[in-house]
Amino acid sequence: MPVKVSKEKCTGCGFCVTTCPFDAISIKEEKADISEYCQMCSACLTACEAGALSTGEGEPSEKNPFAGYKDIWVFAERKQTGPQSSEVAPVAYELLGAGRRLADARGSELCAVLFGGSDEEARELLKWGADKVFHAANPAFDAFNDEPYARLLSSLALKHKPEVILAGATAIGRSFFPRVAARLRTGLTADCTSLEIDAESEQKNLIQTRPAYGGNIMASILAPRHRPQMATVRPRVMKRADYNPEREKTGRIIPVETDGESLKSRTKVIECVRSTDDAQKVNLHEADIIVSGGRGLKGREGFQMLHELAGLIGGAVGSSRAAVDEGWIPYCHQVGQTGKTVCPKLYIACGISGAVQHLVGMQSSDTIIAINKNPEAPIFNVASLGVVGDIFEIIPLLVKKIKERRGA
Amino acid sequence: MRIVVCIKQVPDTSEVKINPETGALVREGVPSIINPFDMHAIEAALSIKEQLGSSAACSVCVLTMGPPQAESALREAVSFGVDEAVLVSGREFAGGDTLATSRALSAAISKIGADIIICGKQAIDGDTAQVGPEVAEFLDIPHISYVKKISGISGAVIRAERMMDDGHDVVEAELPCLITVVRELNTPRLPSLKGKMAAKKIEIKKLGLADLGISEEEAGFKGSPTQVKKIFTPSARTGRRMAEGSIEEQVDAIIKELMERKCL
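Residues numbered from 1 in each chain as written. Chains lettered and ligands numbered in written order. Predicted model: local features only at pLDDT ≥ 70, side-chain atom pairs only at ≥ 80, totals over all residues. Heavy atoms only, no water.

S.K.: Would you explain the sheet that holds strand S10 (residues 164-168) of chain A in this entry?
M.R.: Sheet strands pair via backbone hydrogen bonds, and the direction of the pair is either parallel or antiparallel. Residue and element names in this part refer to chain A. Strand order across the open sheet formed by seven strands is S11-S15-S10-S5-S8-S9-S16, with parallel pairing between neighbours. Two strands lie at the open edges of the sheet, namely strand S11 (188-192) and strand S16 (252-255), each paired on one side alone. Strand-to-strand twist in this sheet, taken as the mean axis angle between neighbours without regard to direction, amounts to 20°. Bridge count for strand S8 (residues 110-115) against strand S9 (residues 132-136) is five bridges, and the pairing is parallel. Paired with valine 113 across the two strands is phenylalanine 134, which belongs to S9. (Pairing = 2+ DSSP bridges. Helix = DSSP H or I, 4+ residues; strand = E, 2+ residues; numbered from the N terminus. Axes fitted to C-alpha atoms, helices over the stretch in contact; angles between N-to-C directions.)

S.K.: In this structure, what is going on with the packing of aromatic side chains? I would like to understand it.
M.R.: Working definition: an aromatic ring pair is given by the centre-to-centre distance plus the angle between the planes. Applying the stated criterion to the full structure yields 14 aromatic pairs over all chains. Ring pairs connect the aromatic residues Phe75, Phe115, Phe141, Phe144, Tyr149, Phe176 and Phe177 of chain A, which therefore count as one cluster. (Phe/Tyr/Trp six-rings, centres within 6.5 Å; stacked < 30°, edge-to-face > 60°.)

S.K.: I would appreciate a short explanation of the environment of leucine 158 of chain A in the present structure.
M.R.: Positionally, leucine 158 of chain A belongs in helix H5 (residues 146-160). Measuring from C-alpha to C-alpha, the distance between leucine 158 of chain A and tyrosine 93 of chain A comes to 24 Å, with 65 residues separating the pair along the chain.

S.K.: Looking at this structure, I do not really get the interface of chain B and chain A. What am I missing?
M.R.: It is common to give the size of an interface as the accessible area lost on bringing the parts into contact. Between chain B and chain A, the residue contacts involve 80 residues of the former and 86 residues of the latter. Counting the surface lost from both chain B and chain A, the interface buries some 7400 Å², and carbon and sulfur atoms represent 56% of this. Glutamate 137 of chain B is the partner of arginine 183 of chain A in a salt bridge, and the nearest nitrogen-oxygen pair spans 3.0 Å. In this assembly, chain B and chain A are joined by 35 residue pairs in polar contact (both at pLDDT 80 or more). If you list the elements that add at least two residues to the side of chain B that touches chain A, you get helix H3 (98-112), helix H4 (131-139), strand S9 (143-154), strand S10 (157-164), strand S11 (167-174), strand S14 (227-232), strand S15 (241-243) and helix H7 (247-260) of chain B. (Contact = heavy atoms within 4.5 Å. Buried area = accessible area lost by both parts, 1.4 Å probe. Salt bridge = Lys/Arg side-chain N within 4 Å of Asp/Glu carboxyl O. Polar contact = N/O pair within 3.5 Å; in protein donor to acceptor, adjacent residues only side chain to side chain.)

S.K.: Which parts of the structure should I look at to understand the nonpolar core?
M.R.: In summary, soluble globular proteins display a tendency toward joint burial of nonpolar side chains. Of all hydrophobic cores here, the largest spans 40 residues; its most connected members are Ile3, Val5, Ile7, Ile42, Ile118, Ile144 and Ile179 of chain B. Considering every element that reaches this core, the biggest residue donor is helix H1 (residues 36-52) of chain B, with eight residues. If we ignore the near neighbours within four places in the chain, the residues touching valine 5 of chain B are Ala41, Ile42, Ala45, Val60, Cys61, Val62, Leu63 and Ile118 of chain B. Among the nonpolar cores identified, the runner-up in size contains 34 residues, and Cys350 and Leu398 of chain A together with Ala243 and Ile255 of chain B belong to it. (Core = buried A, V, L, I, M, F, W, Y, C linked by side-chain atoms within 4.5 Å. Buried < 20%, exposed > 50% of the residue type's maximum accessible area, 1.4 Å probe, protein only.)

S.K.: Would you mind showing me how to read unusual backbone geometry here?
M.R.: What is expected of a backbone is that most residues other than glycine have negative phi and most peptide bonds are trans. Note the cis peptide between arginine 227 of chain A and proline 228 of chain A, where omega equals -5°. Position of proline 228 of chain A among the secondary structure elements: in the loop between strand S14 (217-222) and strand S15 (229-233). In this structure, proline 176 of chain B follows leucine 175 of chain B across a cis peptide bond, with omega equal to -5°. One can find proline 176 of chain B in the loop between S11 and strand S12 (177-181). One non-glycine residue, tyrosine 146 of chain B, lies in the positive phi region at around 50°.

S.K.: How do you make sense of the pattern of salt bridges when you look at a structure like this?
M.R.: Where side chains of opposite charge bring their charged atoms close, a pairing between them can arise. Inspection of every chain in the model, using the stated rule, returns 45 salt bridges over all chains. Across the salt bridge formed by lysine 249 of chain A and glutamate 246 of chain A, the nearest N and O atoms sit 2.7 Å from each other. A relative accessible area of 48% means that glutamate 246 of chain A is categorised as partly exposed. For arginine 274 of chain A, the salt bridge identified is with aspartate 169 of chain B, shortest N-O distance 3.1 Å. Within this pair, whereas arginine 274 of chain A is found in strand S17 (residues 267-274), its partner aspartate 169 of chain B is found in strand S11, the two belonging to separate chains. Through salt bridges with shared partners, a single ionic network connects Asp119, Arg123, Glu124, Lys127 and Glu248 of chain A.

S.K.: Can you help me understand the packing of helix H12 (residues 391-407) of chain A against H7 of chain B in this one?
M.R.: Relative placement of two packed helices is described by the angle separating their axes and the distance separating the axes. Between H12 of chain A and H7 of chain B, the least distance of the axes is 10 Å, while the angle of their chain directions is 55°. One way to sum up the angle between H12 of chain A and H7 of chain B is to call them oblique. The element H12 of chain A and its partner H7 of chain B pack so that their crossing is right-handed. Residues Glu393, Ile394, Leu397, Leu398, Lys401, Ile402 and Arg405 of chain A of H12 of chain A form the contact with H7 of chain B, whose own contacting residues are Ile247, Glu248, Gln250, Val251, Asp252, Ile254, Ile255, Leu258 and Met259 of chain B. Tallied by class, residues from the contact of H12 of chain A with H7 of chain B come to 10 nonpolar, one polar and five charged. (Parallel < 35°, antiparallel > 145°, perpendicular 65-115°, else oblique. Left-handed = near helix turned anticlockwise from the far one by under 90°. Nonpolar A, V, L, I, M, F, W, Y, C, P; charged D, E, K, R; others polar.)

See the structure below:
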């Protein structure tokens, strides 16, 4: 329900037109006219000196203020793989998995939004669970740029009114998604680790759960009075939906037209540099086994012990924030809320107490072995196998025994 | 050239403890600090000012929103060499989410005036990284996130390197522009004696709701779309086993686990 104009009071001064962030006001026959793009942000209310604008509060309101909002949207991020090449990022398929479950719970459609990229990529998104793909195929959108991305996604959202929009909590998602939320004057929850529909609420709100307060606790967050409900989701937390090539037949690809105006930007990407040097890369995301160390390692030397163990079992070395802050190991090894989120087959936590901010980055690992001196350490709450003991005794003995087995 | 640095006073989350019985946060005795990423934002502003030298009149203003005690964070910023300090304060602002916070900060920045706005990439208590880009959107100016290097500022353009998940981009943006910065950008300086003196004397400018032209409905809890429904500590994994016995036996238990998981 848009802002109401009192035709008696309106002087047609046009001052409200410039204040509207959504270009929803125009002057028709010397009176303000509010279009369906009005988001009830109330920005115009304070601008109107004649007091001609109101939100209609106090008058009988419609039963459901969110009528017309439907569908779950996911932003299918593409990542630059080289100076001239890019592809759909893995997080897009995870979002489709999370989105599929929400859409099924809500009885609505799941739509993917793809900027740039090929027709084939759009069809892949259908096979991974989308019912519709909004595809802006203009190759100018291949490379990420905050302003055009934010503008295009907000205008699509204003037009089609999705109930929910999700994006990856990646460098790209975390940079432009807040701009979209600010444009739409709606809420945005960062870094969600779980999403579900509140079946008990009349509005069927989205319950967005994320680590809070430095990751020491989890918080469930709602945006009960606003639509769309927006959230970014941590990569590698959500499970992908089932891949079904048959879905291509029933799914639809909806082309999104873009023009020169939509590409306008005050930022220019001069160069994309992607790391190709494997030695420089700490590939925690793709490692099947991670051997991780924390404050209990007491220094750089402790990490040498972990490197040896990791080398023996073909794993990568991770660390807690405490060890990075101490300067024992570079930041690129850090696992946790302000580092990387991982879910390897096996995670061995050595001398890590397990602050929630570390746990959120690794607790979805298939198997977790925790070794710590303190039997009360919270890391044991998420461990599959807990070992209370001195890592400086246990790891060397473990290394020795593995070597013996190999020798035998 | 006018630079505004947005900072936040935060509890030192590395010192936070949880009451194991109630699951509640123990806030007593947790020290308040300037958000660590904001220290790099302050340093970035000061080094831009030094590089521009006397060729361009440049001033650095530090801005925060918070309760009256946030003044101490502003004074600390002044001790590093910041010229001015502004505090947005009032009970109406309490409980604001990123949208309400960004709305208030952007209104304050419009009042102060800025060519460059610098924020830390995120605050360590909320970890959302949303306020920077949202402020830029409210001000209708460009932004560059996760800046790890400022290559140059010439005329009305800033060139910077922004960190991406697997590399970096070189980006140019027109001024006025907002940037959010990461640790890799610089090493924050220590306070100077002159700065400490200035920090004691400086008069901190205070802005309230009326000064910013924001209605009560747009500020704080009322102006926040998101609401915290509940807070809890993560649940324990089911089916956990503990390795008992001697060190030998414990290590054997690990090896057995490794073999079962086909990691050996």
